[in-house]
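A closer look at the structure
Residue-level listing of the chains:
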Amino acid sequence: MSDSGATNRYVLQAKNLEKSFGLTPALRGANLDARQSEVLAIMGPSGSGKSTLLHCLAGIFKPDGGEVWLDGQRLDQMSEEERTRLRRTQFGFVFQFGQLVPELTAEDNIALPLLLNKVNRSEAYTRARSWFKRLGIEGMEKHRSGELSGGQAQRVAIARALAIQPKVIFADEPTGSLDSLASEQVMELLVGAAREQGTTVVIVTHDPRIAAYADREVVVRDGQVTTAPRKQQAVR
Amino acid sequence: MSTSYALLGVLGRQPSYGYDLKKDYDTLYGNERPLAFGQVYATLSRLLRDRKIATETTEQAAGPERKLYAITNLGRKDLEDWLVTPEKLHPNTQTVLLTKVVSAILLDKEPRLYLDAQRAAHIERMRGLTDARRKGDFAQSLRADYALFHLEADLRWIDITEARLETLIKEIRGE
Ligand SMILES: Nc1ncnc2c1ncn2[C@@H]1O[C@H](COP(=O)(O)OP(=O)(O)OP(=O)(O)O)[C@@H](O)[C@H]1O
Ligand SMILES: [Mg+2]
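Bear in mind the structure is a predicted one, so any value in this text is a computation, not a measurement.

A short note on the overall build of chain A
Counting its regular elements, chain A contains nine helices and ten strands. Relative to a compact globule of 236 residues, whose C-alpha radius of gyration would be 18 Å, chain A shows 17 Å and is just as compact. Principal-axis analysis of the C-alpha atoms places the extent of chain A at approximately 50 × 40 × 40 Å. Across the 236 residues in chain A, those meeting the buried criterion constitute 56%. Expressed as a percentage of contacts within chain A between residues at least 6 apart in sequence, the contacts between residues at least 24 apart total 70%. Carbon together with sulfur atoms contributes 49% to the accessible area of chain A, which is approximately 10400 Å² in total. Charged side chains in chain A number 30 positive and 28 negative. The centres of these two groups are separated by 3 Å.

In structure tokens form, the structure reads like this:
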């Protein structure tokens, strides 16, 4: 799948991004490219600007300077309304703490973004339920998401992110609160399903074992992106 | 050292011919580093000398006779003692990494370049292992996990060293 899906086209590009919070510079000329189907890890010390970079790439923050390109479009110049529509239709998000809606059931949570994208109700629920076997939590469709364990909730969050078949998934420390085994299940699911769908995945992590699931890693340091000196890797 | 115990362990389950012993070893402990036949027979002759194993010669209907190796009571006792003895810890495994960092500082070079390159090499290796564990059987994936956690420990050291480089440079230069 990844062979046929992968191209050399950049789905996402950041050029010379600058972003400050008050007097604190968080990004100081950050550059980044991600290809279609590529799984990219963003590493680096705490406070170096990883999350800020991710938020700029995803159109959540507007950078002070520089450009963000999504599939040939300038994301950073879009109106707030356009960016919101884009986030809803083209992007999936997974953060450290699932941000599932705790009062809703597991299947409601996965169906929600589909409903927001105007998929009809029965279709949305059929698609939502089709995930549970793969998530390894068959039978928990009607459990409120607040009753799921951290690892189960993270897997539901991944299904929710993937359900709309986004172009890009943004994940910020998606396994941050999980033990090794649960982290592994989450990463297998995320990377496995993303490869099948040809989705690009950008993962912020400080955990090298998580980064090892990616095709490539970059290191953010003092608001800049450094790529380690070595041979160019082929995209798998 | 541990090769001889690994072979004793295989023989502890059932007697075996040299060729099968090598094959079992390779399957259990990793086809990436197969045991050379020379090493198998050298180890077996040492074990024979120490009376930890014994041989039985079997007649073949055709072809040369083959030696069947079996563990002795002495061998089993030694193996079982070894199994419950904790391993000595090796505090100096990081010596090479540390030596490179300190030497770079002594020569006024940029140790960060080395640490970055080493980090990339470690993660590249971890990527290979992560791939291998997905495709392999359970024993293979446990073996990969062991290597992954050790590489992770190195990486933590690399990260913390990089974060404290300024202090280390001052200390080494006596400032
Ligand atoms: N909303 C905000 N308001 C003010 N300052 C912020 C905000 N978000 C980030 N910063 C600052 O910007 C810098 C980069 O922060 P960022 O969250 O991107 O780091 P990070 O690499 O994700 O760190 P961590 O690994 O700890 O999550 C930090 O100095 C941080 O204090
Ligand atoms: Mg962060």
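After presenting the structure, the write-up continues.
A look at the nonpolar core
Ranked by size, the top nonpolar core spans 61 residues in total, and within it I110, W131, L135, V156 and I203 of chain A carry the most contacts. Residues within four places of V156 of chain A in sequence aside, it is in contact with L100, A106, N109, I110, L135, I137 and L148 of chain A.

Focus on empty space enclosed by the protein
The final tally for this structure, using the stated rule, is three cavities of 30 Å³ or more. Roughly 90 Å³ of volume is contained in the largest cavity. In terms of lining, the largest cavity is formed by S180, S183, E184, M187, D207, R209, I210 and Y213 of chain A together with T130, R133 and L148 of chain B. If you list the elements that add at least two residues to the lining of the largest cavity, you get α8 (180-197) and α9 (208-211) of chain A together with α6 (111-135) of chain B. The element contributing the most residues to the lining of the largest cavity is α8 of chain A, with four residues. For the lining of the largest cavity, the class distribution of residues is four nonpolar, three polar and four charged.

Thoughts on the interface of chain A and chain B
It is common to give the size of an interface as the accessible area that goes away when the parts come together. The partner chain B presents 17 residues to the 20 residues of chain A that form the contact. Of the roughly 1600 Å² buried between chain A and chain B, counting both surfaces, carbon and sulfur atoms make up 52%. At the junction of chain A and chain B, the tally comes to six salt bridges. Remark: the boundary between chain A and chain B carries seven residue pairs in polar contact (both at pLDDT 80 or more). For the side of chain A that touches chain B, the secondary structure elements donating two or more residues are α8, α9 and β9 (216-221) of chain A. At four residues, β9 of chain A tops the list of elements feeding residues into the side of chain A that touches chain B. A breakdown of the residues in the side of chain A that touches chain B according to their chemical character gives eight nonpolar, two polar and ten charged.

Brief notes about the pairing of strand β4 (residues 65-70) of chain A
All names here are of chain A. In terms of strand pairing, strand β1 (residues 10-21) meets β4 through five bridges, oriented antiparallel. Bridge pairing in β4 links Q13 to W69. Sheet topology places β4 next to strand β5 (residues 73-74); two bridges connect them, and they run antiparallel. Its bridge partner lying in β5, W69 is registered against R74. Following β4, the chain reverses through two residues before pairing antiparallel with β5; D71 in that reversal takes a positive phi of roughly 50°.

Let's talk about the domain arrangement of chain A
Residue and element names in this part refer to chain A. When its domains are assigned, chain A resolves into domain 1 (3-90 + 166-234) and domain 2 (102-164). On a C-alpha basis, the centroid separation for the pair domain 1 and domain 2 is 24 Å. Each side of the interface is counted separately: domain 1 has 17 residues, and domain 2 has 13 residues. Here domain 1 meets domain 2 over a buried area of about 1300 Å², counting both sides, of which 66% is carbon and sulfur. Per-residue buried area on domain 1 facing domain 2 is highest for R88, P166 and L189; these three make up 39% of the total on that side. Counting across the domain 1 and domain 2 interface gives one salt bridge. Ionic pairing is found between E196 and R134, a salt bridge with its closest N-O pair at 3.1 Å. Linking domain 1 with domain 2 are three residue pairs in polar contact (both at pLDDT 80 or more). The set of elements that each furnish at least two residues to the side of domain 1 that touches domain 2 consists of α3 (80-90) and α8.

Thresholds applied
- Residues numbered from 1 in each chain as written.
- Chains lettered and ligands numbered in written order.
- Predicted model: local features only at pLDDT ≥ 70, side-chain atom pairs only at ≥ 80, totals over all residues.
- Heavy atoms only, no water.
- Helix = DSSP H or I, 4+ residues; strand = E, 2+ residues; numbered from the N terminus.
- Rg over C-alpha atoms; globule rule 2.2 N^0.38 Å.
- Buried < 20%, exposed > 50% of the residue type's maximum accessible area, 1.4 Å probe, protein only.
- Contact = heavy atoms within 4.5 Å.
- Areas by Shrake-Rupley, 256 points an atom, 1.4 Å probe, with all protein chains shown as cover.
- Lys, Arg positive; Asp, Glu negative; His and termini not counted.
- Charge placed at Lys NZ, Arg CZ, Asp CG, Glu CD.
- Core = buried A, V, L, I, M, F, W, Y, C linked by side-chain atoms within 4.5 Å.
- 1 Å grid on protein atoms, 1.4 Å probe; cavity = no way out; pocket = protein on both sides within 12 Å on 5 of 7 lines; lining within 4 Å.
- Points joined across faces, edges and corners; volume = space filled by probe spheres on them.
- Nonpolar A, V, L, I, M, F, W, Y, C, P; charged D, E, K, R; others polar.
- Buried area = accessible area lost by both parts, 1.4 Å probe.
- Salt bridge = Lys/Arg side-chain N within 4 Å of Asp/Glu carboxyl O.
- Polar contact = N/O pair within 3.5 Å; in protein donor to acceptor, adjacent residues only side chain to side chain.
- Pairing = 2+ DSSP bridges.
- Domains from an automatic or database assignment.

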